Amino acid sequence: MYKPVGTLILVITHFYAFGQDSLQFVLENAKRPSVENFYIKIDDDQGHSSSIPISVIKGKENGPVFSIISGVHGFEYSSIMASHELLQELNPELLSGTIIIVLLSNPDSFYGRSPFVNPQDQLNLNRVFPGSKTGSATERIAHYITTEIIARSDIFIDMHGGDASEDLLSFIGFYNNKGQQEQTEKIKKLAEVTGFKYIVSWPYNLQKDQPAKYAFKQAVQDGKIALIIEAGKLGNVQKEAVNMIKNAIYNMLAELKIYKVEKKVNTDFINMNKQTYIKSEHTGIFFSDYAAGDSIMKGDRIGLIKNEFGELMNEIKAPNSGIILYKIGTPPVNVGETIMCIVHNQ
Ligand SMILES: [Zn+2]
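Source: prediction; values computed, not measured.

### Comments concerning the packing of aromatic side chains
Scanning the entire structure with this criterion turns up nine aromatic pairs. Ring geometry for Tyr175 against Phe216: centres 4.9 Å apart, planes inclined by 25°, an arrangement best described as stacked. Residue Tyr175 is found in strand 8 (residues 171-176), and its partner Phe216 is found in helix 6 (residues 215-221); the two are separated by 41 residues along the sequence. By relative accessible area, Tyr175 is classed as buried at 7%. Through successive ring pairs, a cluster of aromatic residues spans Phe171, Tyr175, Trp202, Tyr204 and Phe216. Just above the ring of Phe287 sits the side chain of Lys306; from NZ or CZ to the centre is 5.0 Å.

Below, the structure written as structure tokens:
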């Protein structure tokens, strides 16, 4: 775990409840250095209301805006606890710039212990970007993040992990946007200093007028330096994952010369730029002796699906050799779901 260099100063925290303009108000009016904590209230037309906790850390010196959002999925606790700890640790005296932390992007999913979706409208926040100002509860949160957080960010980090049912190998991810070489190079460079052993990249072919669906893809579409952190699994708080996430954030801040901290970089990283998704053709009970992080060879029998009576419905064989990036880690499986994602180098 990183300890910031220097002495901790006393910061005065105010609680704002000014509605949707308060982020701009804080950014423009809070003194340097300071930490401001406040809630943004987002109401829809169905009587739902979300109170989103946001912190703005204004550094001693001026500089870029580095935004971290966590809790887009409210059951991905390692990333949520990492942002919680970062807020306690970060010292504005050591900061040149501004850090915005959205501590819970989807608070009803967190407090409702709801994996994947916001219980208010059953939508997955990470499928509705850029969102809508007049839409349902989740769409309005996405709209707020797009127009208020992403729009004001130079760097945007979306933090996730394995949800309640997901066994996951921790990694840092980015879009390999060949149409924007300069932006992509900056993003790749940041990914390589995070300390994560596995760097996953996806091809990017999104047009400007297409919905990005995902928060950090929205930020890429909007020209930002944007990455996704995935750490922790099966809806648990894993101390190792929390520390890995915090280390990645400190390393990126150090690389960008925004924060006075020493980098703890692992240069022994592995690039994974090809993904194979295995979808289930059945609804049933999933059995597998494999775990995320295991290496597999093409043709290996990686799992079985049985019905409730124990009768075999499907035997799943690996279509490619590679490493299991994530897989279903609990018994239920539904038709059409991704059972497993295998990554490898092209
Ligand atoms: Zn997630």
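### With respect to the coordination of the zinc ion
Donor atoms from the polypeptide that coordinate the zinc ion comprise His73 (ND1), Glu76 (OE), Glu76 (OE) and His160 (ND1), at 2.0 to 2.4 Å from the metal. Relative to the metal, the four donor atoms surrounding the zinc ion lie at angles of 57 to 150°, and the coordination shape comes out irregular. Spacing between the donor residues of the zinc ion along the chain follows H-x2-E-x83-H.

### Some remarks on the sheet that holds strand 18 (residues 332-333)
Across the sheet, four strands lie side by side as 16-15-13-18; this open sheet has antiparallel pairing. A single partner strand is all that each edge strand has here, and the edge strands are strand 16 (312-317) and strand 18. Note that strand 13 (residues 284-287) and strand 15 (residues 301-306) share three bridges and pair antiparallel. Bridging across to strand 15, Phe287 finds its partner in Leu304.

### Points about the packing of helix 2 (residues 77-89) against helix 7 (residues 239-255)
The angle between the axes and the distance between the axes are what describe a pair of packed helices. Contact geometry for helix 2 and helix 7: axes closest at 9 Å, N-to-C directions at 55°. For the element pair helix 2 / helix 7, the angle class is oblique. For the pair helix 2 and helix 7, the crossing hand works out as right-handed. Facing Ser78, Ser79, Met81, Ala82, Glu85, Leu86 and Glu89 of helix 2, the residues of helix 7 in contact are Lys239, Ala241, Val242, Ile245, Lys246, Ile249 and Tyr250.

### Observations regarding the domain arrangement of the protein chain
Assigned domains of the protein chain: these are domain 1 (15-270) and domain 2 (274-344). The distance between the C-alpha centroids of domain 1 and domain 2 comes to 30 Å. Tallying the contact residues gives 13 residues for domain 1 and 13 residues for domain 2. For the pair domain 1 and domain 2, the summed buried surface comes to about 960 Å²; carbon and sulfur atoms form 62% of the total. At the junction of domain 1 and domain 2, the tally comes to zero salt bridges. Linking domain 1 with domain 2 are six residue pairs in polar contact (both at pLDDT 80 or more). Sorting the residues of the side of domain 1 that touches domain 2 by element identifies strand 7 (166-168) and strand 9 (198-203) as the ones contributing at least two each. Of the residues forming the side of domain 1 that touches domain 2, the biggest block, five residues, is contributed by strand 9. Classifying every residue of the side of domain 1 that touches domain 2 gives nine nonpolar, two polar and two charged.

### Considerations on the packing of helix 5 (residues 181-193) against helix 7
For the pair helix 5 and helix 7, the least separation of the axes is 8 Å and the interaxial angle reads 130°. Looking at the two axes, helix 5 sits oblique to helix 7. Along this stretch, helix 5 crosses helix 7, giving a crossing that reads as right-handed. Of the residues in helix 7, those touching helix 5 at Lys189, Leu190 and Val193 are Asn251, Met252 and Glu255.

### Brief notes about the nonpolar core
Judged by nonpolar contacts, the single largest core of 47 residues is most densely connected at Leu23, Ile54, Ile69, Ile100, Ile145, Ile149 and Phe156. The leading source of residues in this core is helix 4 (residues 137-149), at five residues. If we skip the residues at most four places from it in the chain, Ile149 touches Leu23, Ile54, Ser67, Ile69, Ile100, Val102, Tyr144 and Phe156. Counting residues in hydrophobic clusters, the runner-up holds 40 residues, among them Phe66, Ile155, Ala248 and Val261.

### Side note on the confidence of the model for the protein chain
Summary statistics for the protein chain give a mean pLDDT of 93 and a share of 94% for residues scoring 70 or more. Segment residues 1-20 is flagged for pLDDT under 50; beyond a separation of four residues in sequence, or across chains, it makes 47 contacts in the model.

### Brief notes about the pairing of strand 10 (residues 225-230)
Within strand 10, six of the six residues are buried, which leaves the element mostly enclosed by the surrounding structure. A two-sided burial pattern is seen for strand 10, the buried positions comprising Ile225, Leu227 and Ile229 on one face and Ala226, Ile228 and Glu230 on the other. Two strands pair when backbone bridges link them, and strand 8 and strand 10 are joined in this way by three bridges, in the antiparallel orientation. Bridge pairing in strand 10 places Phe171 opposite Glu230.

### Topic: unusual backbone geometry
Cis geometry marks the peptide bond from Arg32 to Pro33, where omega comes out at -10°. As for its placement among the helices and strands, Pro33 is situated in the loop between helix 1 (22-29) and strand 2 (34-43). That bond from Phe129 to Pro130 is cis: its omega, 15°, falls within 30 degrees of zero. Tracing the backbone shows Pro130 in the loop between helix 3 (107-111) and helix 4.

Cut-offs applied
Residues numbered from 1 in each chain as written. Predicted model: local features only at pLDDT ≥ 70, side-chain atom pairs only at ≥ 80, totals over all residues. Heavy atoms only, no water. Phe/Tyr/Trp six-rings, centres within 6.5 Å; stacked < 30°, edge-to-face > 60°. Helix = DSSP H or I, 4+ residues; strand = E, 2+ residues; numbered from the N terminus. Buried < 20%, exposed > 50% of the residue type's maximum accessible area, 1.4 Å probe, protein only. Lys NZ or Arg CZ within 6 Å of the ring centre and 35° of its normal. Donors = N, O, S within 2.8 Å, 3.2 Å for Na, K, Ca; no water. Tetrahedral: all angles 85-135°; square planar, octahedral: opposite > 155°, others 65-115°. Pairing = 2+ DSSP bridges. Axes fitted to C-alpha atoms, helices over the stretch in contact; angles between N-to-C directions. Parallel < 35°, antiparallel > 145°, perpendicular 65-115°, else oblique. Left-handed = near helix turned anticlockwise from the far one by under 90°. Contact = heavy atoms within 4.5 Å. Domains from an automatic or database assignment. Buried area = accessible area lost by both parts, 1.4 Å probe. Salt bridge = Lys/Arg side-chain N within 4 Å of Asp/Glu carboxyl O. Polar contact = N/O pair within 3.5 Å; in protein donor to acceptor, adjacent residues only side chain to side chain. Nonpolar A, V, L, I, M, F, W, Y, C, P; charged D, E, K, R; others polar. Core = buried A, V, L, I, M, F, W, Y, C linked by side-chain atoms within 4.5 Å. pLDDT = per-residue confidence, 0-100.

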